[in-house]
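# Architecture and fold: a report
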Amino acid sequence: MSNTTIFIPLFIVASLTFIYSCYQRLQLVAVGSAEERLDNPLSRLAGTFAYAFGQKRVLARPYGVNHFFLFWAFMFLLVANVEFLLEGLFPGVSLSALPAPLYHVLELTFDLVSLVALACVVVALVRRLFFAPAYLENDYTKARSGEALLILAMIATLMLAFFFLNGAQLAQGGDTIWQPVSAFFGSLLAGLSPSALESVAGAAWWVHAVVLLVFLNLLPRSKHMHILTAIPNCYFRSLEKPNVQPRETFKKGERYGVSQVEQFTWKDLFDSMTCTECGRCQDLCPAHNTGKPLNPRRIVHDIKQNLFGNASA
Ligand code: HEM
Ligand code: SF4
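Below is a short write-up of the structure. (Residues numbered from 1 in each chain as written. Chains lettered and ligands numbered in written order. Predicted model: local features only at pLDDT ≥ 70, side-chain atom pairs only at ≥ 80, totals over all residues. Heavy atoms only, no water.)

This part takes up the site of ligand 1. In the region of ligand 1, 22 residues are neighbours, and Y63, H67, R128, H226 and R280 sit closest. A distance of 3.2 Å separates an oxygen atom of ligand 1 from a polar side-chain atom of R127. Within the side chain of R128, a nitrogen or oxygen atom sits 2.7 Å from an oxygen atom of ligand 1. Going through the elements one at a time, helix 3 (64-89), helix 4 (100-130), helix 5 (146-171) and helix 8 (226-235) are the ones with two or more residues in the shell around ligand 1. Here the shell around ligand 1 takes five residues from helix 8, the largest share from any one element. (Near = heavy atom within 4 Å. Polar contact = N/O pair within 3.5 Å; in protein donor to acceptor, adjacent residues only side chain to side chain. Helix = DSSP H or I, 4+ residues; strand = E, 2+ residues; numbered from the N terminus.)

Here it is as structure tokens:
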């Protein structure tokens, strides 16, 4: 079904541009000054499990539940998408080579998890469109920004293409029990001739392939870079308890704050690249809450804008 003569060059170009964008970003992080973040590997690993895989902080707010499911759906669908790309590059490579019971469990998991991801994206869209919290609404990073909506629309398109691809294949005959959601989409195609079903499956395959490669390339150029950097950033987190800032002593020759990019540490820069512009820091910032113009989210946003040239989130 896939046309390797078109897909292989497309895949190579998309991979190279993706690697180049990531390299550009990481080069900017390397401009920061040194900071030790590799000590205590066991505590770091434990924290990564709690904060990344357990989504401990994200779950502290009710909307975090939606992100928790989206995060885990993404983890499972990573396997499905690697299989999809490999099959595109080397037709015939497929998880169906696994023992049948294991393959059926995977089919069922991918089918149900894709539905969960689609539902999460719908919830995220509805929230952004109709119930955006005040801290997400701003003059510079709007809840309904094109970038935020585009990413959600792309994830939804990936899920729908997956269902139509599998549905069109099931409608041509197949065991529907392991892919109930795709079977439902297949039932919408009932009555189409075998060649029309073949065309639907081909179109769905290409939509999935192109959106996946564009999505990959959008990550390093958007706030969704956090999809790539949030897990390592949890590993590199500070192991010290957040404390009150030491009092500044104003003396001649001392430096206060940061005026040049090199004065940030590499971790500061990695943080700004990982920021999802969720607005939580602003919501909790005591200075901002007294109505002062200090706005933590804006600061992170401006740093990103200047360093990485991100579009508004
Ligand atoms: C350690 C891992 C991660 C952490 C800590 C994290 C954290 C966050 C936070 C705090 C937000 C903002 C949510 C809000 O508006 O309240 C967010 C948004 C988002 N994250 Fe993650 N994230 C992680 C990994 C991922 C991964 C792997 C994906 C893959 C799909 C992902 C997809 C998204 C999406 C699509 C949004 C936008 C949701 C929306 O528009 O409402 N995240 N993330
Ligand atoms: S820096 Fe602020 S806006 Fe960015 S992810 Fe952290 S809490 Fe959210």
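There's plenty left to go through after this.
Moving on, we come to the site of ligand 2. Near ligand 2 the following residues occur: C275, T276, E277, C278, G279, R280 and C281. For the shell around ligand 2, the residue count by class is three nonpolar, two polar and two charged. (Nonpolar A, V, L, I, M, F, W, Y, C, P; charged D, E, K, R; others polar.)

So, on to the packing of helix 4 against helix 6 (residues 180-188). At a minimum axis distance of 7 Å, the contact between helix 4 and helix 6 shows a crossing angle of 70 degrees. One finds that helix 4 runs roughly perpendicular with respect to helix 6. Taken together, the residues of helix 6 that come into contact with helix 4 (itself represented by L108, D111, L112 and L115) are P180, V181 and S182. Residues that form the contact of helix 4 with helix 6 fall into these classes: five nonpolar, one polar and one charged. (Axes fitted to C-alpha atoms, helices over the stretch in contact; angles between N-to-C directions. Parallel < 35°, antiparallel > 145°, perpendicular 65-115°, else oblique. Contact = heavy atoms within 4.5 Å.)

Further remarks concern the nonpolar core. The biggest cluster of nonpolar side chains holds 41 residues, and the ones touching the most others in it are F7, L77, F84, M159 and F163. No other element matches the 11 residues that helix 5 contributes to this core. When neighbours within four sequence positions are excluded, F7 is seen to be in contact with L85, G88, L89, W205, W206, A209 and L213. Core analysis: the next-biggest nonpolar cluster, separate from the first, contains eight residues, F236, W266, L269 and M273 among them. (Core = buried A, V, L, I, M, F, W, Y, C linked by side-chain atoms within 4.5 Å. Buried < 20%, exposed > 50% of the residue type's maximum accessible area, 1.4 Å probe, protein only.)

On the protein side, the iron atom of ligand 1 has H67 (NE2) and H226 (NE2) as donor atoms, found 1.9 to 2.0 Å from it. Relative to the metal, the six donor atoms surrounding the iron atom of ligand 1 lie at angles of 86 to 179 degrees, and the coordination shape comes out octahedral. With H67 in helix 3 and H226 in helix 8, the pair connects residues that are 159 residues apart, well separated along the chain. Residue H67 is classed as partly exposed on the basis of its relative accessible area, which comes to 25%. For H226, a relative accessible area of 15% puts it in the buried group. (Donors = N, O, S within 2.8 Å, 3.2 Å for Na, K, Ca; no water. Tetrahedral: all angles 85-135°; square planar, octahedral: opposite > 155°, others 65-115°.)

By themselves, these figures tell us nothing about what the structure is for.
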